Amino acid sequence: MVALLVFWAAFRSPDTEFRSTLHVFGTLVEIIIRDTDEAAAQRAISAVSASFQRMHTGWHSWEHGELRDLNQAIAVGRSETVSSFLLPLIHQAKQFYRLSDGLFNPAIGALVAEWGFHADKPETGAIPSPETIRALLSQNPTMDDLVFDGTRIASRNRSVRLDFGGFAKGAALDRAAEILKSFGIENAVLNAGGDLRVLGDHGNRRWRAGIRHPLDWGLIASVDLVAGEGLFTSGNYERYREHEGRRYTHIIDPRNGMPIDRIVSVSVIHPNGALADAAATALSIAGPTDWSRVARRMGVNYVLLVEKTGTVYLSPEMKKRVTFVGTPPEKVVVPPWRHTDAPKPTKKDVATEPE
Ligand code: AMP
Ligand code: MG
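The present account deals with the structure reproduced in this document. (Residues numbered from 1 in each chain as written. Chains lettered and ligands numbered in written order. Predicted model: local features only at pLDDT ≥ 70, side-chain atom pairs only at ≥ 80, totals over all residues. Heavy atoms only, no water.)

Here Thr132 is to be found in helix 5 (residues 130-139). A polar contact of 2.7 Å, which involves the side chain of Thr132, links it to the side chain of Ser129. (Helix = DSSP H or I, 4+ residues; strand = E, 2+ residues; numbered from the N terminus. Polar contact = N/O pair within 3.5 Å; in protein donor to acceptor, adjacent residues only side chain to side chain.)

Turning next to the site of ligand 1. Of all residues adjacent to ligand 1, which total 18 residues, the nearest are Asp163, Ser234, His250, Ile252 and Thr281. In this structure, Asp163 approaches ligand 1 through a side-chain N or O atom, which is 2.8 Å from an oxygen atom. Thr281 is positioned such that a nitrogen or oxygen atom in its side chain is 2.7 Å from an oxygen atom of ligand 1. When residues of the shell around ligand 1 are assigned to their parent elements, the largest contribution, 3 residues, is made by helix 7 (residues 273-298). (Near = heavy atom within 4 Å.)

Here 3 strands make up an open sheet; going across it, the order is 9-10-19 and the pairing antiparallel. This sheet does not close on itself; its edge strands, each paired only once, are strand 9 (207-212) and strand 19 (323-324). When strand 10 (residues 219-225) meets strand 19, the two strands line up antiparallel, connected through 2 bridges. Directly across from Ala221, in strand 19, lies its bridge partner Phe324. (Pairing = 2+ DSSP bridges.)

Right, let's get into helix 2 (residues 65-75). Among the residues of helix 2, those classed as buried are Leu67, Leu70, Asn71, Ala73 and Ile74. Taken end-on, helix 2 shows its buried residues confined to a sector of 160°, consistent with a single buried face. Taken from the residues just after helix 2, Gly77 is the one with a positive phi, measuring 80°. (Buried < 20%, exposed > 50% of the residue type's maximum accessible area, 1.4 Å probe, protein only. Arc of directions from axis to C-beta.)

One open sheet accounts for 3 strands, arranged 4-6-5; its pairing is antiparallel. In this open sheet, the two strands that pair with only one neighbour each are strand 4 (80-81) and strand 5 (146-149). Relative to strand 6 (residues 152-155), strand 5 runs antiparallel, the two being bridged by 4 bridges. Pairing of Phe148 across the sheet is with Ile153, part of strand 6. Helix 3 (residues 87-99) rests against strand 5 and strand 6 of the sheet, and its axis sits at about 140° to strand 5. (Contact = heavy atoms within 4.5 Å. Axes fitted to C-alpha atoms, helices over the stretch in contact; angles between N-to-C directions.)

Shown next, in the form of structure tokens:
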């Protein structure tokens, strides 16, 4: 992972927009702040920058910092105290694990590492053997293995390796948005390579976002974001490795230990960026037959999913909002969406307090 905070370049554009680019989790985050004075914008950006720096060291599962320390403690059966900066992320991870029926499972860090995605550049060379995958699956690491005692965390299962790569960007942009708000910023956008969190509006219109085409150059669709929303996309084109002519992506199905194969991208809109990010990953795994059930269960209404055949699946709400860019897809499927089907999350599902 590249060092944090490569550069900072704020400048004033004609209609009082301040732009700055920060770096977190190996991604450039562009921050655009409107309708405020330069000093306020710069103070807010400095605070976001400091927070990103902390996330970068504290939330990384295999390099330096608290999360790696916790993973190492779990491996040897020890408990570990975690900071109030990391703890809420662990509770969120457990919540998303439960809401997604285990498809989003940030405890499978060992599998992700075995597939070679615990490095800046995915590994090349041989892929894990079926025996290795079977052995890791048989250890069955889950978020429910964690035992919370206030800020101390232990695991009943030593094979748990926490990897928050599936929703850390969403959580990071949520926190950044809160920081901007606390500095009195009302209109802003945080853009991490197409994953967005917006505050307020863009002058007298909404912030408009593009969704990258996973199978072609350019965009597949555009959508206007309502104040406070986030748009997050999981794409198999983002991180992958190739072996003997086959492409293996970084999203792993915890049921069989294999990289997903049928879905090439999922975009989710939700005001909770961490949830949107986790849901985009979970729905990529749920695939063309199960995604709408899992989306309802996760409380996510706006979904665009692209299968490798080019077929696009939309939730009915998303259909009302997206505009396709260029040639529309040949096949668009909008499954019926019965809200009453959605099981209400139980209190346990949404618990954020230590158990
Ligand atoms: P995203 O780009 O948000 O879909 O996140 C992909 C990242 O999530 C991977 O690089 C892994 O670090 C992690 N990951 C892979 N498979 C899973 C899974 N089944 N549940 C949770 N996180 C995962
Ligand atoms: Mg994600």
